[in-house]
Structure formats: structure tokens, C-alpha cells
Amino acid sequence: MADALTTLGRITRYSALLALDALGYCWRWSVDLVAGLRAAGLWYVRRRSPERSSEVSARFAKLRQSRAGRWAAWGAVPWRRRMQVRAAALVLMVLAVVSVRSYERRHNRFALARPTKGSRAPGAGQARFVYPTIAPKPTLTPENPTSVFRHEIEAARSGAWVTAREIRPVVAPGPLGSWDDFKVGSPVVLGEGGGGYGLWYRGCHFLGAEYWCGVGHATSKDGVTWERRADPVFAPSDAYEREHLDAIAIARGASGYVLWYSVSPTGAVDRRRASLHVARSPDGLTWTAQSGPVYEAVAQGTRLIPTALWREGRFHLWVIDSRSAIDPATSLFPEMPADGDDALLHFMSIDGARLEAAGSTPIQPLQMDPVAFSIGPDAAGGFRAFFYEQHPSGANRQGVAVLRSPDGNTWERAPGEAMPLGVSDLDYRGVPVSLAVVSAERGLLAWFVVRGDHGGESIRVAFHKDGT
């Protein structure tokens with residue numbers, strides 16, 4: 001009897017250890033499957049966004065390193081044990097499938113309906129299934145998207161965002177073969193005469209091995225329905241700048257318009273720093289670019305996202321940049337400041353090209369996501385900044401946060417003015433990668449740029465009711 005119990009104990013222990021090894025084997029394969037899907041997504045991103053190839057390659061390397069770490073111990077397992085673990089894993093998967101099928105048969109969610117009084121019962125041998133009924137969502141059928149937007153604004157409560165889910169992107173990529181058939185992003189919206197709006201945006205063309213970007217222009221009476229020009233109003237003359245055109249800012253001064261456009265960095269020896277360039281126009285449609293950059297990023301591999309406006313006889317320009325560069329002697333960053341390395345830099349200029357540093361504010365204490373932000377004049381004096389807060393901290397909610405500054409140099413967060421707006425409210429999965437905000441009647445109009453699964457971008461509109 002004792003020998004039988006001992007043998008049974010050994011078998012139980014062996015089976016338990018084998019089951020644990022099999023579960024670990026299944027877990028590794030599950031993680032590999034997820035990693036494979038991520039790798040496929042990265043492959044599409046690299047194919048559709050050549051300018052992000054260095055970032056994608058780094059992520060591929062992390063996936064390979066992670067997989068090697070997961071399977072490192074598996075290589076030391078004897079081959080016979082590996083065969084046993086694989087067989088046990090197969091048995092576990094079969095048992096899981098059989099258990100799920102058995103549960104579905106026992107708990108069928110489609111119940112046979114009993115005929116109600118006065119109704120005709122099914123014929124002999126017939127079964128009538130009752131499927132869950134879902135009340136249809138009421139939809140509007142107006143003549144144009146603007147009336148949908150206005151209807152939703154009227155029905156919304158004060159302080160709410162109106163995202164007009166029925167409206168498709170207000171500016172989407174053009175038809176295949178057009179100059180902006182892949183991306184439309186980095187919007188800049190200025191009020192025009194007669195109460196309308198002017199929109200400048202970065203558009204990109206991608207077809208086969210051909211990829212380049214330019215600046216497009218569109219006009220609108222309401223900010224929802226836009227009429228855009230068939231051709232770009234500006235494209236850098238340099239081929240590298242066209243291929244790596246990243247973000248734009250435009251301001252209208254006393255003698256015309258000024259355009260600042262950033263060029264993203266690459267792994268090339270002489271292109272590792274992002275640069276900021278300038279162009280001028282008398283009407284916003286015909287542009288003349290100045291040769292050479294007017295500003296270069298401090299650190300390598302970082303983006304420059306400008307925003308600008310004209311006020312009191314000067315152009316004001318802001319970018320987020322690092323405050324410290326790699327030490328060429330040691331190839332290392334200096335010690336990180338207590339308030340972080342990135343700062344919101346403020347420049348002033350008479351002509352838009354000769355930039356004079358005015359001040360800076362570290363962004364870490366502001367809890368600011370530097371991806372999507374927009375700065376405009378404050379009605380009470382000074383300046384007001386809006387940015388989309390993707391990763392809120394504390395009691396903050398995901399949405400549009402507000403900063404205020406009396407001089408454009410020192411900024412403080414206005415927690416009472418935050419406007420919660422989750423990604424689910426916008427009815428798409430991507431987080432806004434660019435933002436433009438202007439004051440409008442009864443609120444704030446905001447244009448968000450969202451990136452699709454394959455790297456393409458489009459512009460959507462939202463309205464914050466009774467925002468000031």
C-alpha cells in the first residue's frame with residue numbers, strides 16, 4: 001500500500017511539473033503571437049512612413065531581444081523533455097477547446113421562444129430562436145455636415161465637447177495619386193475676413209518609392225466644410241526637406257505671413273538634429289523660403305513642433321526642445337536637471353527669421369505631453385496654451401489641459417480649466433498627434449490630427465461648448 005501511494009505521489013508530482021512547463025510553453029507562444037502582430041504593424045508603419053524607419057528599427061530590436069530572453073532557458077532543456085512538454089501543451093489546448101465547446105452547449109444564449117397568446121406557434125420540429133434585440137441608434141439625415149454639427153452643439157450641455165461622430169474627417173487624404181494622398185496633418189487655423197477660416201496643413205504623398213510632403217491650404221465658413229486647393233501652396237526646394245517635412249506654424253504679421261516648418265532628424269551623420277526653417281508670403285499662398293535653418297535642436301533625434309502668433313508688433317514662436325546635448329567627449333548626456341531636460345522655449349522676432357531667445361519653462365512640472373499643443377492670445381492679457389493630455393496624473397482626466405502665461409516665458413497650469421476628452425469620445429483609437437484651437441461663438445473650435453493603422457493621418461473637428 002505504501003509503495004502504491006509513493007508511486008502515485010511521484011506520478012502526481014511529475015504530472016504537475018509537466019503541466020506547469022506546458023503552461024509556460026503555451027504562454028511563450030502566446031506572447032510570441034502578440035509580438036508577431038506588433039512586428040507586422042511595425043512593418044506596415046515602416047512601409048507607409050519611411051521617415052520613421054529609425055524608430056521602427058529600434059522597436060524591432062526590442063522585440064527580438066525580448067523573444068530571446070523568453071526562450072533563453074528553453075534552449076538548455078533536454079530534447080526528450082521538450083518533446084514531452086510540447087505533447088502536454090497540445091493536450092492542454094485540446095482540453096481547453098473541448099471545455100469551451102461543452103460550456104457553450106450547456107449555456108446556450110439563444111433560448112427557444114415560447115409562443116405567446118394569440119400568436120402562431122412554429123410548426124412541428126421547427127425551432128424559432130430569439131436573438132438579442134438592440135434598439136437602433138437615432139441618426140440625423142441633414143443636407144450637409146454643418147447642420148449635424150450645429151444640432152449636436154445645440155443639444156449639448158454647457159462645458160461639454162461636441163465631436164460630431166457622424167462627420168467623417170473634415171480634411172482627409174486626397175485620392176490616390178494626388179499630392180496629399182497619404183497624410184494631412186499639423187493644422188494651422190487663422191480667422192479670415194468675413195468670419196471664415198483659413199487652414200494650412202502638412203500633406204504628404206506616398207506611392208511606391210516616391211514620398212514627399214508640402215503645405216496645403218483650404219478655406220471654410222464654419223470650420224467643418226473645407227474647400228482646399230488642388231496643389232500645395234509650398235514645398236521645400238530641397239529633396240531631403242520635402243521627404244522629412246514634419247510640422248508647421250504660421251502667423252500673419254503687419255506685412256504678410258510667416259511660415260516656420262521643421263525637418264525631422266534621421267540617422268545620417270549630418271542630419272541627426274531636427275531643424276527649423278522659415279518662409280514668407282504676402283497672401284499666405286505664394287511663399288518664398290529662406291535658405292538655411294533658423295534654429296537647430298539641441299539634442300539628437302528629437303522633433304521640433306513649432307507654434308506661433310503675431311502680437312504687439314512682434315512674432316512669438318514656441319518650440320519644445322532639450323536643454324542639454326550629448327557631451328562629445330564622453331558621448332553621454334549630462335546629469336538630468338531636477339525639473340527635467342525638456343523646456344518650452346519662447347522666441348521673439350521682428351521678421352520671423354532672426355530669433356531672439358526670450359525665456360523658457362521646464363515642461364516636467366507642467367505635466368505636459370509635448371506632442372499636441374497650440375498657443376494663442378489670452379483675452380485677459382498674456383498667452384494661453386492648449387495641449388492634449390494623453391497620460392494624466394493624479395486626479396486629472398484625459399483631455400485638453402490649459403496653461404497660462406503673462407509674458408510667454410513663464411507658464412502655469414490652470415487645473416480648473418481642464419476639459420476632459422477621452423479617446424473613446426473622439427470615436428477613434430489613435431491619440432491626437434496635433435492640435436489647433438481658436439475661439440468661436442459660444443465656445444472653442446479644435447481640430448485634431450489622428451493617425452491611422454497604416455500611418456496615414458486625417459483631421460477631425462471638435463467643439464467645446466461655452467468655452468472662453
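That block above? That's the structure.
It should be emphasised that the depicted structure is a prediction, and the values quoted were computed from it without experimental measurement. (Residues numbered from 1 in each chain as written. Predicted model: local features only at pLDDT ≥ 70, side-chain atom pairs only at ≥ 80, totals over all residues. Heavy atoms only, no water.)

(A) The arrangement of the sheet that holds strand β12 (residues 314-322) in detail. Reading across the sheet, the 4 strands line up as β11-β12-β13-β14 and stay open at both edges, with antiparallel pairing between neighbours. Each of the sheet's edge strands pairs with one partner strand only, and the pair in question is β11 (307-311) and β14 (356-362). In this sheet, adjacent strand axes meet at a mean angle of 25 degrees when their direction is disregarded. Here β11 pairs with β12 via 5 bridges, running antiparallel. If you follow W310 over to β12, its bridge partner there is F315. (Pairing = 2+ DSSP bridges. Helix = DSSP H or I, 4+ residues; strand = E, 2+ residues; numbered from the N terminus. Axes fitted to C-alpha atoms, helices over the stretch in contact; angles between N-to-C directions.)

(B) Just the state of the cysteines, in detail. By the definition in use, this model includes 1 disulfide. Across the disulfide, C204 is cross-linked to C213 (sulfur-sulfur distance 2.0 Å). Note on the C204 and C213 pair: the S-S dihedral is about 100 degrees, so by sign convention the disulfide is right-handed. (Disulfide = S-S within 2.5 Å.)

(C) Structural detail: unusual backbone geometry. With a phi close to 55 degrees, E312 is a non-glycine residue in the positive phi region. With respect to the element layout, E312 can be found in the loop between β11 and β12. Of the residues examined, E312 reaches a relative accessible area of 74% and is grouped as exposed. Positive phi is not limited to glycine here, since R442 has a value of about 70 degrees. Among the structural elements, R442 can be located in the loop between β20 (434-440) and β21 (443-451). (Buried < 20%, exposed > 50% of the residue type's maximum accessible area, 1.4 Å probe, protein only.)

(D) Quick look at the nonpolar core. Counting residues in hydrophobic clusters, the biggest one holds 28 residues, and the most contacted among them are F149, V170, V189, W226, L445, W447 and I459. Apart from the residues within four sequence positions on either side, W226 is in contact with V170, V171, V189, Y197, G198, L199, A218, T219, S220 and W447. Within the second largest apolar cluster, 21 residues are counted, among which are V215, Y261, V263 and W287. (Core = buried A, V, L, I, M, F, W, Y, C linked by side-chain atoms within 4.5 Å. Contact = heavy atoms within 4.5 Å.)

(E) Geometry of the packing of aromatic side chains. Enumeration over the complete set of coordinates arrives at 17 aromatic pairs. Between the aromatic rings of F206 and Y211, the centroid separation amounts to 5.6 Å while the plane-to-plane angle is 80 degrees, which identifies the pairing as edge-to-face. A cation sits over an aromatic face here: R311 above F383, 5.2 Å from the ring centre. (Phe/Tyr/Trp six-rings, centres within 6.5 Å; stacked < 30°, edge-to-face > 60°. Lys NZ or Arg CZ within 6 Å of the ring centre and 35° of its normal.)

(F) Inspection of the pattern of salt bridges at higher detail. For the coordinates displayed, the defined rule picks out 12 salt bridges. The residue D351 makes a salt bridge to R280 at a minimum N-O spacing of 3.8 Å. Of the two residues, D351 is situated in the loop between β13 (342-349) and β14 and R280 in strand β8 (residues 275-281); the sequence distance between them amounts to 71 residues. Since its relative accessible area comes to 32%, R280 is described here as partly exposed. Here R404 and E417 are joined by a salt bridge, their closest N and O atoms 2.5 Å apart. Of this pair, R404 sits in strand β17 (residues 399-405) while E417 is found in the loop between β18 (412-413) and β19 (419-420), placing the two residues 13 residues apart along the sequence. Judged by its relative accessible area of 25%, R404 is partly exposed. Here the salt bridges do not stand alone but share partners, grouping R202, D246, R303, R451 and E457 into one network. (Salt bridge = Lys/Arg side-chain N within 4 Å of Asp/Glu carboxyl O.)

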